[in-house]
Amino acid sequence: KHSSPAQCEFYQAVEEVLDSLQPLFAKTPAYQQQAIIERMVEPERQLMFRVPWLDDQGNIHVNKGYRIEFNSALGPYKGGLRFHPSVNASIIKFLGFEQIFKNALTGLPLGSGKGGANFDPKGRSDHEIMRFCQSYMTELYRHIGPVTDVPAGDIGVGGKEIGYLFGQYKRLTARYEGVLTGKNILWGGSLVRTEATGYGVVYFANYILQDRNSELKGKRCLVSGSGNVAIHVMEKLYQLGAIPVACSDSKGTLYHQAGIDLSVIKQLKLHKRESLTAYLESHQDADYVERDAYPEDGHAIWRLRADAAFPCATQNELNEDDAKALLANGCELVCEGANMPSTKQAVECFISANIAYGPSKAANAGGVATSQLEMAQNASMQNWSFAQVDEKLQHIMKHIFDTASNTAAEFDHPGNLLLGANIAGFRRVADAMIEQGVV
Ligand code: NDP
């Protein structure tokens, strides 16, 4: 901690993993003798660079760009790019660290990386976003490639940004190759990639419930966020007969007892990037709570009565008081779409209450898994159908659930998927690192 005093999100992520690994270290001292943790917490490479760009008025702006290549024991570095004003070295580092275990859990040949910039795309014109992406890629292109490092999207980086980034990579390298995932289906993307993280979260939630002789059908659900992950969680929930009754954005929370009208949310968020308040124009029976009116110690969405909660916005968006409120209101399932959305204390509440809890690095791995399917299609110059990719995604989510669940049972913590996911992910990467020597 002394070498990087401000990286609190990164320490939070590391501490959570270290706590879970104690039963493994007790059984297998070789991991400590080989200094695996000491090597794993240090990224193989960290890039920080200047991203200068011109706005529509001709003013010069400068943002901080990042790419962290964390661990390549299992394959090329893989992980998304986040464009959000809150991005800093700690955020990118915690995301890259989590990605190591998530990618290992998929069982696929994926190393771990993460990147982004403290650029805020909100309120920027398409031309400004394009110029920013081109400037960002003008530095990044020399560090990435289809068998070295393959970035994807995350908060603030969707299909449009991936398009501009890919165009600039192609111009600089004169190579048309699978260097980014989340591409449009017209020019090298995979079907289901857009939906994959959200759909995967819901498949995972259903596997947890089935294991407890329950199901999602009929359950009333809270889904925070209203971006890519939240929208596709809600879509799959409806397909499986559950009812999402609330969602949110950075300005407030929307509650609609009859069920969120997803076509309106898609229109507002995917096509126009508008606030959720506009939902009330077509649905006067819905309620909206502004962020300023949130409970002092928490978030309005988690104070609503429901059977299940899906945090899908951002890190640390669900704290201990929120967790207690969810449990008091009878919530039986929490399944995480966002990365590290629950604080350490909130997670402890879920685990000690023994409710169904799907930790993010297991539950939201469907996105990166489908990115690997996109890489496989690019490398073999094939296009698979929606049904083919969706079937593979379901198999991968089942594999992740079984791996986390069996590993939790092996270490005498049956049902503790956080412990199972951390140990199983760590063990796969650690074994590969040991076999590859001290590098
Ligand atoms: P988007 O940018 O599409 O959507 C993010 C949503 O969260 C928006 O509704 C945004 O509100 C809201 N949000 C962002 N920051 C905050 C904040 N500080 N407070 C409250 N609300 C906030 O991102 P994604 O849906 O892609 O990502 C959401 C989460 O899922 C992230 O944690 C990401 O790392 C994780 N994830 C994403 C994957 C993917 O494939 N996209 C894969 C695995 C994990 P507003 O509209 O007002 O900005």
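The structure presented is a predicted model; accordingly, all values stated were derived computationally and were not measured.

Trainee: Tell me about the overall build of the chain, residues and numbers included.
Mentor: When you go through the chain residue by residue, the secondary structure sums to 16 helices and twelve strands. Against the compact-globule benchmark of 22 Å for 439 residues, the chain has a radius of gyration of 21 Å, which places it among compact chains. Taken over the C-alpha atoms alone, the chain extends approximately 60 × 55 × 50 Å along its principal axes. For the chain, long-range pairs separated by at least 24 residues make up 73% of all intrachain contacts whose partners lie at least 6 apart in sequence.

Trainee: Tell me about the site of the ligand, residues and numbers included.
Mentor: Every one of the 22 residues lining the ligand counts as a neighbour, but Gly227, Asp249, Ser250, Ala338 and Gly367 are closest to it. At three residues, helix α8 (residues 228-239) tops the list of elements feeding residues into the shell around the ligand. Inspection of the shell around the ligand shows a minimum of three residues originating in each of domain 1 (40-191) and domain 2 (194-358).

Trainee: Run through the sheet that holds strand β7 (residues 243-248), naming residues and quoting values.
Mentor: Spatially, seven strands are ordered β9-β8-β7-β6-β10-β11-β12 in an open sheet, and the strand pairing comes out mixed. A strand with exactly one partner marks an edge of an open sheet, and here the two such strands are β9 (287-290) and β12 (356-358). Each neighbouring strand pair of the sheet contributes to a mean axis angle of 15 degrees, computed without reference to strand direction. Bridge count between strand β6 (residues 220-223) and β7: three bridges; the pairing is parallel. Within β7, the residue paired with Leu222 across the bridge is Ala246.

Trainee: Describe the nonpolar core, listing the residues and the values that go with them.
Mentor: Burial of nonpolar side chains together is a common tendency in soluble globular proteins. Judged by nonpolar contacts, the single largest core of 132 residues is most densely connected at Phe204, Cys221, Leu222, Val223, Val233, Phe310 and Leu333. Every residue in contact with Leu222, bar those within four places of it in the chain, is listed here: Val245, Ala246, Ile301, Trp302, Leu304, Ala306, Ala309 and Phe310.

Trainee: Please give an account of the domain arrangement of the chain that cites residues and values.
Mentor: Looking at the assigned domains, one finds that the chain contains domain 1 (40-191) and domain 2 (194-358). The C-alpha-based centres of domain 1 and domain 2 are spaced at 27 Å. With five residues of domain 1 at the contact, the number on the domain 2 side is five residues. Split into classes, the residues belonging to the side of domain 1 that touches domain 2 amount to three nonpolar, one polar and one charged.

Trainee: Kindly report on unusual backbone geometry, identifying the contributing residues and their values.
Mentor: Notably, Asn316 is not glycine yet its phi reads approximately 55 degrees, a positive angle. Residue placement: Asn316 occurs in the loop between β10 (308-310) and α11 (320-328).

Trainee: Please set out the sheet that holds strand β1 (residues 45-54) residue by residue, giving values where relevant.
Mentor: Across a sheet, strands are paired by hydrogen bonds formed along the backbone, either parallel or antiparallel in direction. Reading across from one edge, β1-β2-β4-β3-β5 is the order of the five strands in this open sheet, with mixed pairing throughout. On the outer flanks of this sheet lie β1 and β5 (149-152), each paired with one strand and no other. The sheet shows a mean angle of 20 degrees between the axes of neighbouring strands, direction not considered. Alignment of strand β3 (residues 77-83) against β5, held across four bridges, turns out to be parallel. Counted as the bridge partner of Gly79 is Pro151 from β5.

Trainee: Let's hear about the pairing of strand β4 (residues 112-117): which residues, and what values?
Mentor: Of all six residues making up β4, six are buried, and the element is well covered by its neighbours. Where burial is concerned, the two faces of β4 agree: the one with Ser112, Lys114 and Gly116 and the one with Gly113, Gly115 and Ala117 are both buried. The pairing of β3 with β4 spans three bridges and is parallel. Within β4, the position partnered with Phe83 by the bridge is Ala117.

Trainee: Lay out helix α16 (residues 417-435) in plain terms, naming residues and giving numbers.
Mentor: Its 19 residues give α16 an end-to-end C-alpha distance of 27 Å, which sits within 8% of 27 Å, the value for a rise of 1.5 Å per residue. The element α16 is largely enclosed, with a buried count of 14 among its 19 residues.

Trainee: Provide a residue-level description of the packing of helix α7 (residues 193-211) against helix α14 (residues 366-380), including the pertinent values.
Mentor: It is at 7 Å that the axes of α7 and α14 come closest, and there the two elements cross at 145 degrees. Seen from above, α7 lies across α14 with right-handed handedness. Counted together, Arg193, Ala196, Thr197, Tyr199, Gly200 and Val201 of α7 and Gly366, Gly367, Thr370, Ser371 and Glu374 of α14 form the full contact between these two elements. Of the residues assigned to the contact of α7 with α14, the class counts are three nonpolar, six polar and two charged.

Trainee: Talk me through the pairing of β6; I want residue IDs and the actual numbers.
Mentor: Note on the crossover from β6 through α8 to β7: the handedness is right-handed. Pairing of β6 with β10, which is carried by three bridges, proceeds in the parallel orientation. Bridging from a neighbouring strand, Val223 pairs with Phe310 of β10.

Trainee: Hey, could you go over the confidence of the model for the chain for me, with residue numbers and the actual values?
Mentor: Segments scoring low in pLDDT should not have their predicted coordinates read at a detailed level. Counting all residues, the mean pLDDT for the chain is 97, and 99% of those residues have values of 70 or more. Two numbers describe this predicted complex: its pTM, 0.96, and its ipTM, 0.98.

Trainee: Residues and numbers for the packing of α11 against helix α12 (residues 344-353), please.
Mentor: Axis separation between α11 and α12 bottoms out at 7 Å; the angle between their running directions is 30 degrees. Classed by the angle they form, the pair α11 and α12 counts as roughly parallel. The element α11 and its partner α12 pack so that their crossing is right-handed. In this structure, α11 uses Glu320, Asp322, Ala323, Lys324 and Leu327 to contact α12, whose residues at the interface are Gln345, Ala346, Cys349, Phe350 and Ala353.

Each value, and the rule that gives it
Residues numbered from 1 in each chain as written. Predicted model: local features only at pLDDT ≥ 70, side-chain atom pairs only at ≥ 80, totals over all residues. Helix = DSSP H or I, 4+ residues; strand = E, 2+ residues; numbered from the N terminus. Rg over C-alpha atoms; globule rule 2.2 N^0.38 Å. Contact = placed C-beta atoms within 7 Å. Near = placed C-beta within 6 Å. Domains from an automatic or database assignment. Pairing = 2+ DSSP bridges. Axes fitted to C-alpha atoms, helices over the stretch in contact; angles between N-to-C directions. Core = buried A, V, L, I, M, F, W, Y, C linked by C-beta atoms within 7 Å. Buried ≥ 20, exposed ≤ 12 C-beta atoms within 10 Å, placed from the backbone. Nonpolar A, V, L, I, M, F, W, Y, C, P; charged D, E, K, R; others polar. Expected span 1.5 Å × (residues − 1). Left-handed = near helix turned anticlockwise from the far one by under 90°. Right-handed = clockwise from strand over helix to strand, strands pointing away. pLDDT = per-residue confidence, 0-100. Parallel < 35°, antiparallel > 145°, perpendicular 65-115°, else oblique.

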